[in-house]
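Structure at a glance
Below are the chains, spelled out letter by letter.
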Amino acid sequence: MTDPGFAMTAEAGQPSVRGSVPSVAGAPDLFDKFQPLIDQREALLATGLTDPFNLVMEKVESPTVAICNGKRTILLGTYNYMGMTFDPDVIAAGKRALDEFGSGTTGSRVLNGTYQGHRECEDALREFYAMDHAMVFSTGYQANLGIISTLAGKDDYVILDIDSHASIYDGCGLGNAQIVAFRHNDVEALEKRLKRLPPQAGKLVVLEGVYSMLGDTAPLKEMVAVSKAHGAMVLVDEAHSMGFIGEHGRGVAEAQDVIDDVDFIIGTFSKSVGTVGGFCVSNHPRFEILRLVCRPYVFTASLPPSVVATAATSIRKLMSGTDKRTHLLENSKRLHGGLKSLGFQLGTDTPQSAIIAVIMPDLERGAAMWEALLREGLYVNLARPPATPQGMTLLRCSLCAEHSEAQVGEILGMFEAAGKRIGVI
Ligand SMILES: Cc1ncc(COP(=O)(O)O)c(C=O)c1O
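First, a word on scope: everything that follows refers to the structure included in this document. This one's a predicted model, so the numbers in the text were calculated from it and none came from an experiment.

To continue, consider the nonpolar core. Leu125, Tyr129, Phe269, Leu335, Leu395 and Phe415 are the most contacted members of the largest nonpolar core, which has 91 residues in total. For this core, the element with the most residues is helix α13 (residues 363-376), which contributes 7 residues. When near neighbours in sequence (up to four residues on either side) are disregarded, leucine 335 contacts Leu76, Ile356, Cys397, Leu399, Val408, Ile411 and Leu412. Of all hydrophobic cores here, the second largest spans 22 residues; its members include Phe137, Cys172, Phe264 and Leu290.

Rendered as structure tokens:
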């Protein structure tokens, strides 16, 4: 449930100036429910800590380096896994589309918002995944929201991992589907839930290839088999594995050789692809009807031409990204092993993805460690409940294929210095 937490209430935390209290005496202020979070945030900031959810990147020099607070900072908290944001071909494609097609479509995909570039982007996705259909949304959030809510209505069941992303839960909410959650990555728990459901009911099992909080991968082989045995359709969100995991970068379903049994793959352009947007690919013969009935696809403007042009170029380049994938895997092993030998507690025993989560003893020390790393010149993501599983505070490190071996060495040095200063190692 990735929820930025404090960031949601950054404005609510400011003292109100005018017109913001209920005009009828005794009427509740709709902000009352946020008060505990406002108090927690204010208490933390009162200690003099830099706000971990309000950092500004003053300049971005490359996929791995930015200027923050006037200081050169190594980026270890982006989702730029394959480093495509500064790829010269990707940038050139975006500039060309901006010149030739203008800055935006000003319309829905089903009206005036399908340009040649949207089609080309969907062609690139079909080729990348070797699937029959591809549908591009304006974000990955909207792809989950749209596909899940359209497929699963109030008499249908969505069986999902309890640690699923917020967009998956919100998709269930929008469609009014019955939510059946099972323990994280637990195949037996999934099977038990499926067995209890009416055999004739519509069922959609929703899984993620990589879970972004701890960076662990799902046992998709077993889970897909169990789901199919109980007559469920399967959707896998490969947001954090596209481009990196699997022989062709198609994700964990490809790596575990079950991609042909998966009914729908959801993905995003905001991670390995390096821009913004979302998609669903599928081989379902009736898939195309979704374009007319999926509200988060129909009732919103389509992506700007420059964005679909950068996405299509990036996706095509990711098809031949084997060397980058190998280097990213090496970096992931190097960082995981290095942090472990420094004495940090990690989210997984072995490196399973490009995300390495460092578990902090509590929010206070987590936030202090985050700030100490920033002072060293390293940006990581601070994650805290309710976004995290089991109430953990995490420093989430996400690697990029453009991080050099030397940078990983620098990163380990910074973790050692900050960890000793804060007293977590
Ligand atoms: C698993 C998962 N699915 C979907 C999304 C949404 O992607 P987007 O940023 O394109 O909205 C995210 C983003 O964090 C995610 O982690």
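More follows now that the structure is in view.
Further remarks concern the side chain of threonine 310. Its location among the elements puts threonine 310 in helix α11 (residues 305-318). When its relative accessible area of 13% is taken as the criterion, threonine 310 is described as buried. Within the structure, the side chain of threonine 310 is placed 2.8 Å from the backbone oxygen of valine 307, a separation counted as a polar contact. Sequence-distant contacts of threonine 310, defined by excluding residues within four places in its chain, comprise Val90, Gly94 and Thr275.

The next subject is the pattern of salt bridges. Opposite charge on two side chains makes pairing possible when the charged atoms of those side chains draw close. The tally for this structure, following the rule as stated, stands at 19 salt bridges. Its salt-bridge partner being arginine 250, residue glutamate 254 comes within 3.8 Å of it at the nearest N-O pair. Just as glutamate 254 is buried, arginine 250 falls in that class too. The partner of arginine 334 in a salt bridge is glutamate 405, with the nearest N and O atoms 3.8 Å apart. Residue arginine 334 is found in helix α12 (residues 322-342), and its partner glutamate 405 is found in helix α14 (residues 405-422); the two are separated by 71 residues along the sequence. Given a relative accessible area of 29%, arginine 334 falls into the partly exposed group. The network of salt bridges with shared partners includes Arg109, Glu122, Glu288 and Arg291.

The rules we used
Residues numbered from 1 in each chain as written. Predicted model: local features only at pLDDT ≥ 70, side-chain atom pairs only at ≥ 80, totals over all residues. Heavy atoms only, no water. Core = buried A, V, L, I, M, F, W, Y, C linked by side-chain atoms within 4.5 Å. Buried < 20%, exposed > 50% of the residue type's maximum accessible area, 1.4 Å probe, protein only. Helix = DSSP H or I, 4+ residues; strand = E, 2+ residues; numbered from the N terminus. Contact = heavy atoms within 4.5 Å. Polar contact = N/O pair within 3.5 Å; in protein donor to acceptor, adjacent residues only side chain to side chain. Salt bridge = Lys/Arg side-chain N within 4 Å of Asp/Glu carboxyl O.

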